[in-house]
Amino acid sequence: MLLYVDDIMPGMQLESAIALKAGSYLITPKEAPDGLNEKFIDSIRRFSKQLTPLPDFVNIIENESTLAKLHEVLSADIARVAEAVKAGGDTPNFLSDGELEEKVSRVVDKVLANPDVIREVYQFKNAFREGADSKTALLDHTFRVTLLAAATGVKLRMSVVSMINLVIASLMHDMGILRSEQYPALQVLDEFNDDQLQDFVDEHTGHSVETFKNAGMSMLPQTRLDIARTIELHHRIDLATEKPRSPAVVLHLADLVDEVIGPQPHKLRYNFSREQLRILGTGMAKRNGTNRVILALVKLYRKVPVAWDTVVAITELFGQQELTIENYEEKLKDILDICPHAKQKPYPSLSGGKVPRMVYCNDLEQKYQCEHRGQSQVAIQMPSGKMVQFFKCGTMTNRLVKLNRESKPNGD
Ligand SMILES: [Fe+2]
Ligand SMILES: [Fe+2]
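Residues numbered from 1 in each chain as written. Chains lettered and ligands numbered in written order. Predicted model: local features only at pLDDT ≥ 70, side-chain atom pairs only at ≥ 80, totals over all residues. Heavy atoms only, no water.

Participant: For this particular structure, what's the right way to read the coordination of the iron ion (ligand 2)?
Facilitator: Octahedral six-donor coordination of a metal ideally yields angles of 90 or 180 degrees, compared with 109.5 degrees for tetrahedral four-donor coordination. The coordination sphere of the iron ion (ligand 2), as far as protein atoms go, consists of His141 (NE2), His173 (NE2), Asp174 (OD) and Asp255 (OD), spread over 2.1 to 2.2 Å. Here the iron ion (ligand 2) is ringed by four donor atoms whose angles at the metal span 83 to 173 degrees, and the overall shape comes out irregular. All donors of the iron ion (ligand 2) come from a single chain, and their spacing in sequence reads H-x31-H-D-x80-D. Taken as an interatomic distance, the gap from the iron ion (ligand 2) to the iron ion (ligand 1) is 3.8 Å; Asp174 donates to each of them. In this pair, His141 is assigned in helix H5 (residues 133-155) and His173 in the loop between helix H6 (160-172) and helix H7 (194-214), connecting sequence segments 32 residues apart. Each member of the pair, His141 as well as His173, is classed as buried. (Donors = N, O, S within 2.8 Å, 3.2 Å for Na, K, Ca; no water. Tetrahedral: all angles 85-135°; square planar, octahedral: opposite > 155°, others 65-115°. Helix = DSSP H or I, 4+ residues; strand = E, 2+ residues; numbered from the N terminus. Buried < 20%, exposed > 50% of the residue type's maximum accessible area, 1.4 Å probe, protein only.)

Printed below as a string of structure tokens:
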């Protein structure tokens, strides 16, 4: 199997001679009968750009120790993505509960112990070596979706079997993009019309299913069908035919959320169908903050029991359960309409990734006498990075705190 030069370890055996572009061989298997030693590895790395047919790659015999090394490489990648999630930023920290994180990492690790999974995911990773950011975005998206899907599965108390199927499907859901006509210039999607986008969706989901089937993982035929179906439906799913808490529902929603809030190689977001965009507005066909995507899901799925508990699980993981309050946005707007001078600012803002907790008064010069302005001040960081002190709006902040409290079952 092809190994990236940085992943080669002493003791690994060459599967074939290492050829150089100049036409000669760097090392043949006969020269290293006991496997590669430090000296060999050093020269492979020195000549890595001269290797042929693929620079930076060497054909190594697949055995237990090779697979163990690749397992280590992939685990480190997933751990890196998990750390980025925990640091917050684009994605809310959905791994803040240590016990939940432990369960997530146990199930992901169990799946990654499967040699067929290692082989496929490692190959997928190799496609992004030395990739520009636009390419690595897809790899990190895959790992984040896997972690979010698994975390949602834990929250929903899915069975271990369903969780394993969900993690396999998550890891493989976008592998077909590598075989799509548009890859790697995925920015072209920004120019696509609805039909072309649908073709791209059908094509890459189909290719991902094929990649999964060709991996030949040993499993029951029904399990294979379930995983293939979960991969196939990751963008377009008919919820009427789904079972609640099915891996297909969870992967669809986890992928959708990450697609909308995370970086992608293209500006367009195509996870909401055109029918859904008619309800939500075309603004949801581009990158949005977490609040916006959660509010969109609440709007679409409040009355769809099959999806609703998954939506609630994700909002709880994100610490945004307030957004599941019926008509939250409208209720917030009613509160903000109290301001007679249009100087009200909810904070944090609804366009970001945190639920608004208070309202401040943007009338810095105090041009208006206002009965609603409170005594307490708050320091807000401006886009320039500068901290500015504002007065809180007493009336609106009180009402917002009361509104947010509605999400707590016992009202506190
Ligand atoms: Fe996809
Ligand atoms: Fe995806």
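Picking up where we left off.
Participant: Could you clarify how one ought to interpret the pairing of strand S9 (residues 387-393) in this entry?
Facilitator: One face of the sheet, then the other: side chains in a regular strand alternate in exactly this way. Looking at chain direction, strand S7 (residues 358-361) and S9 are connected through two bridges and run antiparallel. Residue pairing in the sheet places Tyr360 in a bridge with Lys392 of S9. Here strand S8 (residues 373-381) folds back onto S9, and the loop between the two strands holds five residues, one of which, Gly385, carries a positive phi near 100 degrees. (Pairing = 2+ DSSP bridges.)

Participant: How should I be thinking about a positive patch on the surface in this particular structure?
Facilitator: Where like charges cluster on the molecular surface, the positive patch consists of Arg399, Lys402, Arg405 and Lys408. Assignment of secondary structure puts Lys402 in helix H14 (residues 394-405). (Patch = residues over 30% accessible without salt bridge, like charges linked within 9 Å, V, L, I, M, F, W, Y side chains within 5 Å. Areas by Shrake-Rupley, 256 points an atom, 1.4 Å probe, with all protein chains shown as cover. Salt bridge = Lys/Arg side-chain N within 4 Å of Asp/Glu carboxyl O. Lys, Arg positive; Asp, Glu negative; His and termini not counted. Charge placed at Lys NZ, Arg CZ, Asp CG, Glu CD.)

Participant: So what exactly am I meant to see when it comes to the coordination of the iron ion (ligand 1) here?
Facilitator: At this site the iron ion (ligand 1) is bound by Asp174 (OD), His204 (NE2), His234 (NE2) and His235 (NE2), with donor distances of 2.1 to 2.2 Å. Coordination at the iron ion (ligand 1) comes from four donor atoms whose angles at the metal span 84 to 174 degrees, giving a geometry best classed as irregular. Read in sequence order, the donor residues for the iron ion (ligand 1) give the motif D-x29-H-x29-H-H.

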